[in-house]
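What follows is the residue order along each chain.
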Amino acid sequence: MKKIIVTGGAGFLGSHLCEQLIQAGNQVVAIDNLLTGSQKNIVSLMTNKNFSFMQMDVCDEEMLKKIKGIEEIYHFASPADPNANSKFSYLAHPFETMLANTTGTWLLCQLAVKNNARLSFASTSEIYGDPEVSPQSETYRGNVSTTGPRSVYDESKRFGETIVTAFVKEKGLDGRITRIFNTYGPKMNPGEGRAVVNFINQAISGEPMTIYGDGKQTRSFCFVDDQIQGQIKAMESKNTKGEVFNIGNPAEISILEFASKIKELSQSTSEIVFSQELPIDDPKQRKPDISKAAKMLEWEPHESLESGLLATIDYFKSLSA
Ligand code: NAD
Ligand code: UDP
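What this report covers is the structure whose coordinates are included nearby. (Residues numbered from 1 in each chain as written. Chains lettered and ligands numbered in written order. Predicted model: local features only at pLDDT ≥ 70, side-chain atom pairs only at ≥ 80, totals over all residues. Heavy atoms only, no water.)

## Notes on the side chain of E192
Okay, so step 1: Relative to the helices and strands, E192 is located in the loop between β7 (183–184) and α6 (195–205).
Okay, so step 2: Excluding anything up to four places from it in sequence, E192 contacts D81, S86, F88, V197 and N198. (Helix = DSSP H or I, 4+ residues; strand = E, 2+ residues; numbered from the N terminus. Contact = heavy atoms within 4.5 Å.)

## A look at the site of ligand 1
Okay, so step 1: Taken together, the neighbourhood of ligand 1 is formed by 28 residues, with L13, D32, T36, Y153 and K157 sitting nearest.
Okay, so step 2: With respect to ligand 1, the backbone of L34 contributes an N or O atom lying 3.5 Å from an oxygen atom.
Okay, so step 3: In the environment of ligand 1, an oxygen atom lies 2.8 Å from a nitrogen or oxygen atom belonging to the backbone of T183.
Okay, so step 4: Across the complex, the protein chains shield 97% of the 820 Å² of accessible surface that ligand 1 would expose by itself.
Okay, so step 5: Mapped onto the shell around ligand 1, the elements with two or more residues apiece are α1 (12–23), β5 (118–124) and α5 (151–171). (Near = heavy atom within 4 Å. Polar contact = N/O pair within 3.5 Å; in protein donor to acceptor, adjacent residues only side chain to side chain. Areas by Shrake-Rupley, 256 points an atom, 1.4 Å probe, with all protein chains shown as cover.)

## Considerations on the packing of aromatic side chains
Okay, so step 1: All told, the structure shown has ten aromatic pairs when counted by the stated rule.
Okay, so step 2: With a centroid separation of 5.9 Å and 25° between ring planes, the pair formed by Y128 and Y140 is classed as stacked. Separated by twelve residues along the polypeptide, Y128 in the loop between β5 and α5 and Y140 in the loop between β5 and α5 bring together distant segments of the chain. We note that Y128, like Y140, is buried.
Okay, so step 3: Ring-pair connections join several aromatic residues into one group, and the members of that group are Y184, F199, F221, F223 and F258.
Okay, so step 4: Positioned above the aromatic ring of F245, the side-chain terminus of K292 is 5.1 Å from the ring centre. (Phe/Tyr/Trp six-rings, centres within 6.5 Å; stacked < 30°, edge-to-face > 60°. Buried < 20%, exposed > 50% of the residue type's maximum accessible area, 1.4 Å probe, protein only. Lys NZ or Arg CZ within 6 Å of the ring centre and 35° of its normal.)

## Remarks on the site of ligand 2
Okay, so step 1: In the vicinity of ligand 2 lie 19 residues, with N182, T210, Y212, R219 and D282 positioned nearest.
Okay, so step 2: The separation between an oxygen atom of ligand 2 and a polar side-chain atom of R150 is 3.0 Å.
Okay, so step 3: Coverage of ligand 2 by the protein chains reaches 96% of its 520 Å² of free accessible surface.
Okay, so step 4: Mapped by element, the contributors of at least two residues to the shell around ligand 2 are α6 and β8 (209–212).

## Considerations on helix α7 (residues 224–236)
An α-helix turns once every 3.6 residues. As a result, residues three or four positions apart point the same way.
Okay, so step 1: Compared with an ideal rise of 1.5 Å per residue, which puts 13 residues at 18 Å, α7 spans 18 Å between its outermost C-alpha atoms and is within 8% of the ideal.
Okay, so step 2: All buried positions along α7 are accounted for by V224, D226, Q227, I228, G230, Q231, I232, A234 and M235. (Expected span 1.5 Å × (residues − 1).)

## Focus on the packing of helix α3 (residues 94–101) against helix α4 (residues 103–115)
Okay, so step 1: As a packed pair, α3 and α4 sit with axes 2 Å apart at the nearest point and diverge in direction by 25°. Taken together, the axis directions place α3 and α4 in an arrangement best described as roughly parallel. In this structure, α3 uses M98, L99, A100 and N101 to contact α4, whose residues at the interface are T103, G104 and T105.
Okay, so step 2: Split by residue class, the contact of α3 with α4 holds three nonpolar, four polar and no charged. (Axes fitted to C-alpha atoms, helices over the stretch in contact; angles between N-to-C directions. Parallel < 35°, antiparallel > 145°, perpendicular 65-115°, else oblique. Nonpolar A, V, L, I, M, F, W, Y, C, P; charged D, E, K, R; others polar.)

## Some points on the pairing of strand β6 (residues 174–180)
On a regular strand, one side chain projects to one face of the sheet and the next to the other, so that they alternate.
Okay, so step 1: Of all seven residues that make up β6, six are buried, and the element is covered over most of its length.
Okay, so step 2: Traced from β5 through α5 to β6, the parallel crossover comes out right-handed.
Okay, so step 3: Across four bridges, the pairing between β6 and strand β11 (residues 244–247) is parallel. Each bridged residue has a counterpart across the sheet, and for T178 the counterpart in β11 is F245. (Right-handed = clockwise from strand over helix to strand, strands pointing away. Pairing = 2+ DSSP bridges.)

What follows is the structure, given as structure tokens:
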């Protein structure tokens, strides 16, 4: 049994990670300030004697100093939704986003070094910006704007990666970085504006499904269970200190096809509409090269888009029932 911290533990990915780690017999401390997450996501864990929840900000240095005896830290705390219309997006919380990924990462690296603990930092495919090469491998340096609308997220994740790397090189941190590509599944925040959430909400309520731009932009969607397995392997596998891994599903699909698939799977009568221009700096393509994770972590995703989406649609239907 290991004692493990999951920051952002009441969020979408963090809560799934807590569940998997508890199931594997670990002791888990979830840290979250509930900015974009919800305690509802961890309600089933609250009575588990191996689970505890600390409502706090990852930038609270005094509180972090009180934590002792930990062996692993997964740093997942950060808003992740880019949608300008959502109150949960990083555009609605620019300063909180920058701080969680920079100061928060710095303090957690310090905590890991002090405890001789492993650390894994949840970075993002967004660090590749609007990529000029496809698929994106870990060696691609990206095409990112330092001042564009997405920069508070992209650039703070990039600097977060720099912080982890410096702690590995200079302070002996056993740290690694995972670049997460679009991941979906039950427990996504129903109030946020990511494509999966908007399209499913719209499809099950019969409202128009809103495509931004011409819908030809692509994404590659990974089901949450596959993502979490990749995360745990990145933390646990040998020789991962200082490494960076893309974790995502390489099956690429256009946003128009993706919306059509959700419409079909939810047997919706919604109309698909082209509601607004593509937002500034919205990546036109995104597809991970996962050959490094496949080789070093012996990991690859298994869930089909159809079965993953059906599980997610069922979850959203259960919320509105
Ligand atoms: P989420 O919003 O559901 O979860 C993030 C959690 O972090 C929330 O519970 C929020 O309350 C918490 N949080 C935010 N700032 C905090 C702070 N300062 N202190 C403590 N808690 C804080 O988002 P998610 O999709 O689960 O994303 C989790 C992580 O994975 C994020 O770091 C995100 O950047 C990264 N990521 C996710 C995706 C994806 O497709 N879901 C893709 C790329 C990267
Ligand atoms: N998108 C869309 N309609 C929506 C929400 C998003 O067409 O209602 C588009 C968005 O512009 C982007 C893609 O879908 O091109 C994926 O967006 P998401 O918000 O999921 O996150 P991103 O992958 O851009 O980080």
